[in-house]
Amino acid sequence: MIRPVLRMGDPRLWQKARPVRQFDTPQLHALIADLEDTMRHLDGAGLAAPQIGVDLRVVIFGVDGNPRYPDAASVPRTVLINPVLTPLSAEIEEDWEGCLSVPGLRGAVPRWMRLRYTGFDARGRSIDRSVDGFHARVVQHECDHLDGILYPLRIRDFTRFGFVDELFPGGGGGAIE
Ligand code: NI
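Residues numbered from 1 in each chain as written. Predicted model: local features only at pLDDT ≥ 70, side-chain atom pairs only at ≥ 80, totals over all residues. Heavy atoms only, no water.

1. Description of the sheet that holds strand β4 (residues 92-97)
Turning to step 1, where the next piece is worked out: The strand order across the open sheet built from three strands is β4-β5-β8, with neighbouring strands paired in antiparallel fashion. Taken across any chain shown, the strands that pair with only one partner, and hence form the sheet edges, are β4 and β8 (161-163). If you compare each strand with its neighbour and ignore which way they point, the axes differ by 25 degrees on average.
Turning to step 2, where the next piece is worked out: In the sheet, β4 pairs with strand β5 (residues 105-112) via six bridges, with the strands oriented antiparallel. Note that in β5 the partner of Asp95 across the bridge is Val109.
Turning to step 3, where the next piece is worked out: The sheet strands contacting helix α2 (residues 133-146) are β4 and β5, and the helix crosses β5 at an angle near 105 degrees. (Pairing = 2+ DSSP bridges. Helix = DSSP H or I, 4+ residues; strand = E, 2+ residues; numbered from the N terminus. Axes fitted to C-alpha atoms, helices over the stretch in contact; angles between N-to-C directions. Contact = heavy atoms within 4.5 Å.)

Next up, the structure:
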């Protein structure tokens, strides 16, 4: 079911979400189906449960052949629950991001270039990946939602934050959304 996405200003987006305690339940599978339906409907690269008003540490991300995300082939479709992120180097990279909860805007956001993430899928099987670049950026963006952090809070240079059609008058500026 396609669910409404909360927008910045809704206090639920600033909360720290609760861990999932029981895996492979009908409720959890229904939540993931709703996240997938909503993300597909909005052409997003990722979505976190708090964005549809569900207070649980669940994110989904990944893209299949979406022309808005030319680097997306390197990001497999993933359900990630109770994630833990660990940087694998001190390198930081700044690149453009958007967010379905902050529609119409883009900002340049510093993120770790390389990281390891662990967590669980919907059935409780463990996930353990070391990734870099766009994949690492998507994971950091989505997992931030679980701690009540929207990407504008991480922007350092606010001259690189604005409306997408002003920043990229010729089009482009895909980024995460
Ligand atoms: Ni977002």
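Anyway, onward from the coordinates.
2. Observations concerning the sheet that holds strand β2 (residues 58-61)
Strand pairing in a sheet takes place through backbone hydrogen bonds and is either antiparallel or parallel in direction.
Turning to step 1, where the next piece is worked out: Spatial ordering of the open sheet is given by β1-β2-β3-β6-β7, a layout of five strands whose pairing is antiparallel. Two strands in the sheet have a free side with no partner beyond their single neighbour: β1 (46-48) and β7 (126-132). When the angles between neighbouring strand axes are averaged without regard to direction, this sheet yields 35 degrees.
Turning to step 2, where the next piece is worked out: Pairing of β2 with strand β3 (residues 78-87) involves four bridges; the strand directions are antiparallel. Note on β3: the bridge partner recorded for Val59 is Leu80.
Turning to step 3, where the next piece is worked out: This element, helix α1 (residues 26-41), spans β1, β2 and β3 of the sheet and lies at about 40 degrees to β2.
Turning to step 4, where the next piece is worked out: Across the sheet, α2 lies against β1, β2, β3, β6 (114-120) and β7, angled at about 150 degrees from β2, the strand it touches most.

3. Regarding the coordination of the nickel ion
Turning to step 1, where the next piece is worked out: Only Cys99 (SG), His141 (NE2) and His145 (NE2) from the protein reach the nickel ion as donors, at distances of 2.1 to 2.3 Å.
Turning to step 2, where the next piece is worked out: Spacing between the donor residues of the nickel ion along the chain follows C-x41-H-x3-H. Here His145 and His141 lie together in helix α2, a separation of four residues that amounts to about one turn. Per residue, the accessibility class of His141 equals that of His145, and both read buried. (Donors = N, O, S within 2.8 Å, 3.2 Å for Na, K, Ca; no water. Buried < 20%, exposed > 50% of the residue type's maximum accessible area, 1.4 Å probe, protein only.)

4. Some details on α1
Turning to step 1, where the next piece is worked out: Here α1 is 16 residues long and its end C-alpha atoms lie 22 Å apart, about the 22 Å a rise of 1.5 Å per residue gives.
Turning to step 2, where the next piece is worked out: Those residues of α1 lying buried are Leu28, Leu31, Ile32, Asp34, Leu35, Thr38 and Met39. Along α1, the residues classed as buried sweep out an arc of 160 degrees about the axis, all on the same side. Relative to its buried face, α1 has exposed residues pointing more than 90 degrees away, namely Pro26, Arg40 and His41.
Turning to step 3, where the next piece is worked out: The elements touched by buried residues of α1 are β1, β2 and β3. (Expected span 1.5 Å × (residues − 1). Arc of directions from axis to C-beta.)

5. Considering the nonpolar core
Turning to step 1, where the next piece is worked out: Ranked by size, the top nonpolar core spans 17 residues in total, and within it Leu28, Leu31, Ile32, Leu35, Leu47, Val58 and Ile81 carry the most contacts.
Turning to step 2, where the next piece is worked out: Of all the secondary structure elements, the ones that give two or more residues to this core are α1, β2 and β3.
Turning to step 3, where the next piece is worked out: A per-element tally of this core places α1 first, with five residues. (Core = buried A, V, L, I, M, F, W, Y, C linked by side-chain atoms within 4.5 Å.)

6. Looking at the packing of aromatic side chains
Turning to step 1, where the next piece is worked out: Scanning all chains against the criterion turns up five aromatic pairs.
Turning to step 2, where the next piece is worked out: With 6.0 Å between their ring centres and 80 degrees between their planes, Phe61 and Tyr117 make a pair best called edge-to-face. Here Phe61 is found in strand β2, whereas its partner Tyr117 is found in strand β6, with 56 residues between them in sequence.
Turning to step 3, where the next piece is worked out: Relative to Phe161, the ring of Tyr151 lies with its centre 6.2 Å away and its plane at 80 degrees, an arrangement referred to as edge-to-face. Within this pair, whereas Tyr151 is found in the loop between α2 and β8, its partner Phe161 is found in strand β8, the two being separated by 10 residues in sequence.
Turning to step 4, where the next piece is worked out: Accessibility expressed as a relative area gives 1% for Tyr151, which makes it buried.
Turning to step 5, where the next piece is worked out: Its relative accessible area of 25% is what places Phe161 among the partly exposed residues.
Turning to step 6, where the next piece is worked out: An aromatic cluster of at least three residues, connected via ring pairs, comprises Tyr151, Phe158 and Phe161. (Phe/Tyr/Trp six-rings, centres within 6.5 Å; stacked < 30°, edge-to-face > 60°.)

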